[in-house]
Amino acid sequence: MTQKRIYAARGAIFAENTKDSIQEKVVKLFNAVIQKNQVEPDDIVSLQWTMTKDLDAMNPATALRLGKTFVPTSEIPLFCSQELFVQGGRPKVIRMLLTAYMDHKPAHIFLDGAEALRPDISK
């Protein structure tokens, strides 16, 4: 059996600036990354979120904790920050970086149009 090591799985999704949209998209992205990478709750090290400055209706950590997820989230260390503003950058983007022990290279998940952000690694 392959030994687990720390990997980071990336993901992104577009959202509207409403509490409902942010919560729906955060939970959808988190669940997709967890499911695709077959991550167990005890293997999660931390989860980082960024959102573009135009998304300010809800904190992604709060959105995740209130949502229906495939694994419990109460013990996951969460960190949120505003994405660096870059002229010409895409608006309405939520990004996540999940650090976890896995026995395989991670699948990176880009949903709901965010595939265009990284077509080289989108699946």
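Use the structure listed above.
Attention in this report is confined to the structure presented alongside it. (Residues numbered from 1 in each chain as written. Predicted model: local features only at pLDDT ≥ 70, side-chain atom pairs only at ≥ 80, totals over all residues. Heavy atoms only, no water.)

1. A look at a nonpolar patch on the surface
Side chains of Ile6, Val45 and Tyr101 sit close together on the surface and give an oily, nonpolar patch of about 230 Å² of accessible area. Mapped onto the secondary structure, Tyr101 falls in strand 4 (residues 93-102). Classification of Tyr101 as partly exposed rests on a relative accessible area of 37%. (Patch = residues over 30% accessible without salt bridge, like charges linked within 9 Å, V, L, I, M, F, W, Y side chains within 5 Å. Areas by Shrake-Rupley, 256 points an atom, 1.4 Å probe, with all protein chains shown as cover. Salt bridge = Lys/Arg side-chain N within 4 Å of Asp/Glu carboxyl O. Helix = DSSP H or I, 4+ residues; strand = E, 2+ residues; numbered from the N terminus. Buried < 20%, exposed > 50% of the residue type's maximum accessible area, 1.4 Å probe, protein only.)

2. A few points about the environment of Pro72
When you line up the elements, Pro72 lands in the loop between helix 2 (60-66) and strand 3 (78-82). It is 25 Å that separates the C-alpha atoms of Pro72 and Thr2, two residues lying 70 residues apart in sequence.

3. Focus on the pairing of strand 4
Counting buried positions over the ten residues of strand 4 gives seven, a clear majority of the element. Relative to strand 4, strand 1 (residues 5-14) is paired through ten bridges, and the arrangement is antiparallel. Among the inter-strand pairings, Ile6 is bridged to a residue of strand 4, identified as Tyr101. Bridge count for strand 2 (residues 44-51) against strand 4 is seven bridges, and the pairing is antiparallel. Opposite Trp49, over in strand 4, you have Met96 as the bridge partner. (Pairing = 2+ DSSP bridges.)

4. Describing the environment of Leu29
Turning to its location among the elements, Leu29 is positioned in helix 1 (residues 19-37). Taking C-alpha positions, Leu29 is 9.9 Å from Phe14, a pair spaced 15 residues apart along the chain.

5. Comments concerning the sheet that holds strand 2
Pairing within the open sheet is mixed, and its five strands lie in the order 3-2-4-1-5. Here the strands that pair on one side only, and so sit at the sheet edges, are strand 3 and strand 5 (109-111). For this sheet, the mean angle separating the axes of adjacent strands, direction not counted, is 15 degrees. Contacting strand 1, strand 2, strand 4 and strand 5, helix 1 runs over the sheet at an angle of about 30 degrees to strand 4. (Axes fitted to C-alpha atoms, helices over the stretch in contact; angles between N-to-C directions. Contact = heavy atoms within 4.5 Å.)

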